[in-house]
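Commentary on secondary and tertiary structure
What follows is each chain in one-letter form.
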Amino acid sequence: YATTTGGIWRVAGVCDYYSKYEYGWHIAPTCTGADAIASVQLAIAEAERLAGGTPLVEQLADPATGTIRRIKLVTDNGGAFKGHAFAAFIASRPELLHIRTRRRSPGQNGVRERAFGSLKYEHLYRIEIETLPDLYREAEAYRQVFNHTRPHEALGLYRPIEVHRNPTLKPQPNLQPKNLEPGS
């Protein structure tokens, strides 16, 4: 994303495949392993905040056996995700399993791509953003709307936070055209 007073910024983030919950965005001028790590750390911190401060690894541990149910972290094949720094970070986190999509196959990570598209086309491209602090503020404001206010058709018009907080909820996409009455 380019701000009006200069600077091209890369946005990295993590979203939940099932609930579509957006865990936050790391914004930087680079796209390095350190940036990828920062975006995952941001997501872990948000997951722990949502769970009342419980460490993520504890949230995923079976109380009876201690076995950790690993989160599949799906990324593209960018250099940030293929380097030693990111691999070492993942290896240090027993609750994470890193999976990379095939080369040049953005559709394999469609939830992530769609969330970035929503950020850009529903919000950022509609306003002039002058500086990096403005970009941070606007991205976070949109994340709050995306997660807490905006119903999602893919979730049966639930909001991501509702699906995230209620794992028994089985959202079904709203397939009914909006301009028709039921039964017509």
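Criteria and thresholds
Residues numbered from 1 in each chain as written. Predicted model: local features only at pLDDT ≥ 70, side-chain atom pairs only at ≥ 80, totals over all residues. Heavy atoms only, no water. Salt bridge = Lys/Arg side-chain N within 4 Å of Asp/Glu carboxyl O. Helix = DSSP H or I, 4+ residues; strand = E, 2+ residues; numbered from the N terminus. Buried < 20%, exposed > 50% of the residue type's maximum accessible area, 1.4 Å probe, protein only. Axes fitted to C-alpha atoms, helices over the stretch in contact; angles between N-to-C directions. Parallel < 35°, antiparallel > 145°, perpendicular 65-115°, else oblique. Left-handed = near helix turned anticlockwise from the far one by under 90°. Contact = heavy atoms within 4.5 Å. Nonpolar A, V, L, I, M, F, W, Y, C, P; charged D, E, K, R; others polar.

A few points about the pattern of salt bridges
Here the structure, examined in full by the defined rule, presents nine salt bridges. Residues E22 and R112 are paired through a salt bridge, measuring 3.0 Å at the closest nitrogen-oxygen approach. Here the residue E22 occupies a position in strand β2 (residues 22–28), and R112 occupies one in helix α5 (residues 110–122), the gap between them amounting to 90 residues. Note on R112: relative accessible area 8%, which makes it buried.

Description of the packing of helix α1 (residues 33–50) against helix α4 (residues 84–91)
With their axes 8 Å apart at the nearest point, α1 and α4 run at an angle of 25 degrees to one another. Considering the angle they form, α1 stands roughly parallel to α4. Considering how the two elements wind past one another, α1 and α4 form a crossing that is right-handed. Counting all contacts with α1, which are made through G33, A36, I37, V40, Q41 and I44, the residues of α4 involved are A85, F86 and F89. Among the residues making up the contact of α1 with α4, the classes are represented as seven nonpolar, two polar and no charged.

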